[in-house]
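# Notes for the structure review
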Amino acid sequence: MLQQYYDKKVLFLTGCTGFVGKVLLEKTLRCLPNIACIYVLIRQKKGSNLMERFKREILDSQCFDRLRKTYGSGFEKFVSEKIYPIEGDMLKDGLGLAQHDRQIIINNVNIIINCAASVDFNARLDDAIQINVRGPQRFIALAQQIKNLENFIHISTAYVNSDKGGYIEEKIYDPGQENLEQLVTQLLKTPVSILEKNVKDIIGDFPNTYTFTKCIAEKLLVQTRSPNFPLTLVRPSIVGASWKDPVPGWIDSLVASSAIFFFVGLGLIKTLNGDECLIGDQVPVDYVSDFILTAGAYQNGRKEVSVYHCCSSAKNPMTWALAKEVNAQFWTKSPSSQQFSKPNLTFYKNERLYKLMTKIKNTPALMYYQIANRIGNKEMKIQAKRLKKIIERAESINETFKPFVINEWIFESSKSNLLVEFLSESEKQNFNVDIEKLNWRNYLERFNWGIQKYILKDQARELSEQSTDVLSQRNQQSYFSDIEWCLNNGQDFKTKTAKEQISLVMNSQRVQSVIKQLVEEKAKKYQSATLNLEKFHQNIEKQGVDICEVMFANYNMGVIRIFAWFITKVFRQIYEKVQINEQAMLELQNYNQKEGGPLIFMPTHRSYIDFIMCSYVFFSYKIKCPHIAAAEDFLQMSIIPIILRASGAFFLKRKQLEDSILYKAIFYEYVQRILIEECYLEFFIEGTRSRTGKTLNPKFGLLSIVSDAVFDKKIPNATILPITINYEKVLEADTYPYELLGEEKVKESLIRVIKALKILSSNFGKINVSFGKMISLKEWSKQQGLDSFENMRDRKKAVETLGYEVAYRLIEELVVMPTGIVSTLLLMNRRGITEDQLIKRFEWVLKQITMRGAKTSITNNGQSDVTVRNSIGFLQDLIYKKKKNVFELTLIPKQEYKSILLLSYYRNQLAHIFFSEGIVCCALNGFGHLLSHKEGVSIERLWDESDFLLKLLKREYVIRNRITTKDQMIDFIQYMIDKSSQLIIW
């Protein structure tokens, strides 16, 4: 559709040296590579020719780094084949085009996109008219001569109707307004001094010359177009930094809200005359570029004038209060090296109060200016002058932006629905025209990050390190905000009722075949005429129904919403953050189930919280909540199983699954029914919670059922998503040492749940949820060279290799938490370690982990002392604190088994990182201090001991790249030597 439309088309773009134009050009090149070519109009500047300006201002921009990386050394060749810069000037008659270039445009161009404009809100009126009115008029005059023109897309602004208030429709108000041309001509003839003096009277209720001239331009374009001329007007609102493309947070200029965010973030603006409760309509620049290209394709063949609002206020509104909150949080957490003071913005609706408070806040700086000018030295005078300029600049920005924070417009955006429907599922992966999917809190953080990185050129943390906190996604100012959030989130999904499922499963061929088998076995065993086989058959049927009633979920979105509200309250009470990778969630939102089949979520299993964590995160992002395979532990907990069933949980009893062929058949059939009905499925590949903190070897039962559904062609495919859930402190970890020491597992009950409510006063730190790369079941089998459709051995092998692949990916996504590093160091220093030593060694271990490419939740920002002390707080029940003096604190791990085992549990999250080094060092130390540290050990003997340990621990650790030969060990030892490990080898 969109891709097909632009295939072999010739485009003519203006405004490519501007913010929107650059992003539009980059997106066209990257996502529409089959386009024939793009003519780019560029105005030559003194001191540089056409190609120099094209390269310097467009091609060398960071906006094209992604394309540059994709094409490598072939980038310039690709660009030269696709882009043809043409010298021209929107301010000159005929666009200042050479006759040869003009003829090329007339003969070849199919689509024109005019992004050129003066976005200076305070531009002199005559200058604004020349670029914003006369420029488009000259352009459309040329366009009406083009032989094969399919669309003329003019980029306007949503604020062309800012002289009106309230709800603005997607139309041109008063398109036949008379004497506009006469007005423009008269204004251009008027002396500049008179224009400047009377500009407010001339523009009337418009906030500035920009919106005034853009409004006139639209109406004149409509009035001067010839009949059936294809004209599309796209009206973006305030355009901000990119959301995803070309790179997240990209911005190259400070205009409108970006200027406000910049000055507020640096602490240079403290007051604004406006109402923070009003909606501020903003859109990411990549949303605008995607919108333009999609609208262009959708308009194919339409000859009328079409108006599109590219806005957010009607569909996904954002208030200035939220922008203020996120701005303060970001710049406080990640202050710039150029920050003047802490961000602290206050909105004042009353203009007099605003002026008074601004004057009060500026008084110290103005007093300093006066004193410095009278008695200060040269340095003081320079500083004072700088302060005065900052104050004047802040006041200017405030005055310029005031109309947009003191007024509110809601822009109708119903036509964007047509564009969303127009795109295919695969095209939606690259073109986002659905503003409802934008998470404002995350976007605004990314916006500020972009200002810090691309405008201030600070060493900003990479976005991959800036995970999103699910618990703080929404505005919590209102008492009912959580209720509103629960009503607006989640994806409505209706499944068959439990009664319908029971009927389908019990009447399935598999279950009926097992029932028949059981009846026949009974008949053989009791060869008696008095045996009532029909009654026995009914009894087995009843047993089956009873099994179904205990096992099956009863999915209910109403209950899920209530449960999500409850979980939000609990999680906020006991957890500091639930951090996730925003990009992974965006990919999930755009997942194409028709192509990939149902999603199969496979999380790590460390805590009972795992059961609800995935569903909670998916609910937060309007992704379908899965059906979850839950253990029987919860069945004795009174009302709890009812809530869990309604939330998508279904229960399995492991013993019955092993012993009863009826139970096994029902379970098998039910799981396949879930998949056939396009439900998402969640289960734990490890089978049970890991009591040691290590990833367990995979269990293949449920994975086999899923693979059978695919390879028996009951579903088109299935896609597996490994999910690693990392805890700073595990909720029920205190019980694990007792189970490891052989004590009977405590059965869960409602009473235990009630008693556990005391945890609401505890702090369990942060949770980090990481998503691995998706795995298509069909593709996996194909990649392994297996025929899983016809060959059962191949199918079994595919399941086993896939199970381990999932486990490997779970480990690779594991994020080391601070408690893991601190526990490791405490166990290494069982006689005690001072806090200062602990902090130094913590930083060293953190560096070693990073060097090995592993992930941590810690950013080395010079605050290791805070991180270590927080971890000590989480582990305080496992250690003694001893003070030698006022300044020196010594930490000693408690020596009882429970404490050692629990510290080991947290330590084991590092085991996979240092496994091979641990094997070699352990084998070497086994020879004693004299041999290992002085005389040395032969390679053969070292390999024998290492090989023994590797075989011994084969089932204990799941490791992808395990050493299996002596040569591999020698290579690895060389790697250790290169990493400055001290080994003496003969």
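What you are looking at is a predicted structure, and each value in this text was computed from that prediction instead of being measured.

## Here's the deal with the environment of Met 585
Among the secondary structure elements, Met 585 is positioned in helix α23 (residues 582-589). Once the C-alpha coordinates of Met 585 and Ile 666 are considered, the two residues, 81 residues apart in sequence, prove to be 34 Å apart. What Met 585 contacts, discounting residues up to four positions off in sequence, is Ile 580, Val 617, Phe 618, Tyr 621, Ile 623 and Phe 771.

## Description of the nonpolar core
Core analysis: the biggest nonpolar cluster contains 137 residues, and Phe 571, Ile 666, Phe 683, Phe 771 and Ile 821 have the highest contact counts within it. Examining the composition of this core, we find that 10 residues originate from one element, helix α28 (residues 661-676), more than from any other. With sequence-adjacent residues up to four places away left out, Phe 683 is seen in contact with Ile 600, Phe 601, Met 602, Pro 603, Ala 629, Leu 702, Leu 703 and Val 706. By size, the runner-up hydrophobic cluster in this structure holds 105 residues, among which are Val 40, Leu 67, Phe 347 and Ile 435.

## Some details on unusual backbone geometry
A cis amide bond, omega 0 degrees, links Asp 245 with the succeeding residue Pro 246. The phi angle at Asn 228 is positive, at roughly 65 degrees, despite the residue not being glycine. Positive phi is not limited to glycine here, since Lys 713 has a value of about 65 degrees. With respect to the secondary-structure elements, Lys 713 resides in the loop between α29 (701-711) and β20 (719-727). The exposure class of Lys 713 is exposed, given its relative accessible area of 65%.

## Points about the state of the cysteines
By the definition in use, this model includes zero disulfides. Free of any disulfide, Cys 486 has its nearest neighbouring cysteine sulfur in Cys 625, separated by 11 Å. Judged by its relative accessible area of 4%, Cys 486 falls in the buried class. We note that Cys 921 lacks a disulfide partner, and the nearest cysteine sulfur, in Cys 922, lies 8.8 Å from it.

## Side note on the packing of aromatic side chains
Evaluation of the coordinates by the stated rule reveals 46 aromatic pairs. The interplanar angle of 80 degrees and the centroid separation of 5.4 Å between the aromatic rings of Tyr 159 and Trp 409 together place this pair among those described as edge-to-face. In this pair, Tyr 159 is assigned in the loop between β5 (151-155) and β6 (166-168) and Trp 409 in strand β13 (residues 409-411), connecting sequence segments 250 residues apart. Of the two residues, Tyr 159 and Trp 409, both sit in the buried class. Ring centres of Phe 330 and Trp 331 lie 5.3 Å apart, and the angle between their planes is 85 degrees; this geometry places the pair in the edge-to-face category. Taking the relative accessible area as the measure of exposure, Phe 330 reaches 1% and is therefore buried.

## Re the environment of Val 710
With respect to the helices and strands, the residue Val 710 is situated in helix α29. Through-space distance from the C-alpha of Val 710 to that of Phe 789 is 8.5 Å; in sequence the pair is 79 residues apart. Discounting chain neighbours no more than four positions away, the residues touching Val 710 are Ile 715, Pro 716, Asn 717, Ala 718, Leu 777, Lys 778 and Phe 789.

## Quick notes on the domain arrangement of the protein
For the protein, the assigned domains read domain 1 (1-254 + 282-311 + 413-429), domain 2 (480-492 + 553-812), domain 3 (498-546), domain 4 (816-912) and domain 5 (914-985). Summarising the inter-unit geometry, the C-alpha centres of domain 3 and domain 4 are found 59 Å apart.

## Re the pairing of strand β2 (residues 37-42)
Taking burial as the measure, the six residues of β2 include six buried ones, the bulk of the element. Here β2 shows a buried face lined by Cys 37, Tyr 39 and Leu 41 and a second buried face lined by Ile 38, Val 40 and Ile 42. Handedness of the crossover joining strand β1 (residues 10-14) and β2 through helix α2 (residues 19-31): right-handed. Relative to strand β3 (residues 83-87), β2 runs parallel, the two sharing five bridges. Looking at the pairing, Val 40 lines up with Pro 85 of β3.

## Some words on a nonpolar patch on the surface
A cluster of nonpolar residues, Ile 483, Leu 487, Trp 565 and Phe 566, forms a patch on the protein surface that exposes about 390 Å² of accessible area. At the level of secondary structure, the elements contributing two or more residues to the nonpolar patch comprise α18 (481-488) and α22 (557-574). Residue placement: Phe 566 occurs in helix α22. Accessibility expressed as a relative area gives 43% for Phe 566, which makes it partly exposed.

## Some remarks on the pattern of salt bridges
Inspection of the entire model under this criterion finds 45 salt bridges. For Lys 766, the salt bridge identified is with Glu 576, shortest N-O distance 3.3 Å. Taken as a pair, Lys 766 in strand β21 (residues 766-771) and Glu 576 in the loop between α22 and β15 (577-580) lie far apart in primary sequence, 190 residues in all. For the salt bridge of Arg 809 with Glu 805, the shortest nitrogen-to-oxygen distance reads 2.8 Å.

About the thresholds
Residues numbered from 1 in each chain as written. Predicted model: local features only at pLDDT ≥ 70, side-chain atom pairs only at ≥ 80, totals over all residues. Heavy atoms only, no water. Helix = DSSP H or I, 4+ residues; strand = E, 2+ residues; numbered from the N terminus. Contact = heavy atoms within 4.5 Å. Core = buried A, V, L, I, M, F, W, Y, C linked by side-chain atoms within 4.5 Å. Buried < 20%, exposed > 50% of the residue type's maximum accessible area, 1.4 Å probe, protein only. Disulfide = S-S within 2.5 Å. Phe/Tyr/Trp six-rings, centres within 6.5 Å; stacked < 30°, edge-to-face > 60°. Domains from an automatic or database assignment. Right-handed = clockwise from strand over helix to strand, strands pointing away. Pairing = 2+ DSSP bridges. Patch = residues over 30% accessible without salt bridge, like charges linked within 9 Å, V, L, I, M, F, W, Y side chains within 5 Å. Areas by Shrake-Rupley, 256 points an atom, 1.4 Å probe, with all protein chains shown as cover. Salt bridge = Lys/Arg side-chain N within 4 Å of Asp/Glu carboxyl O.

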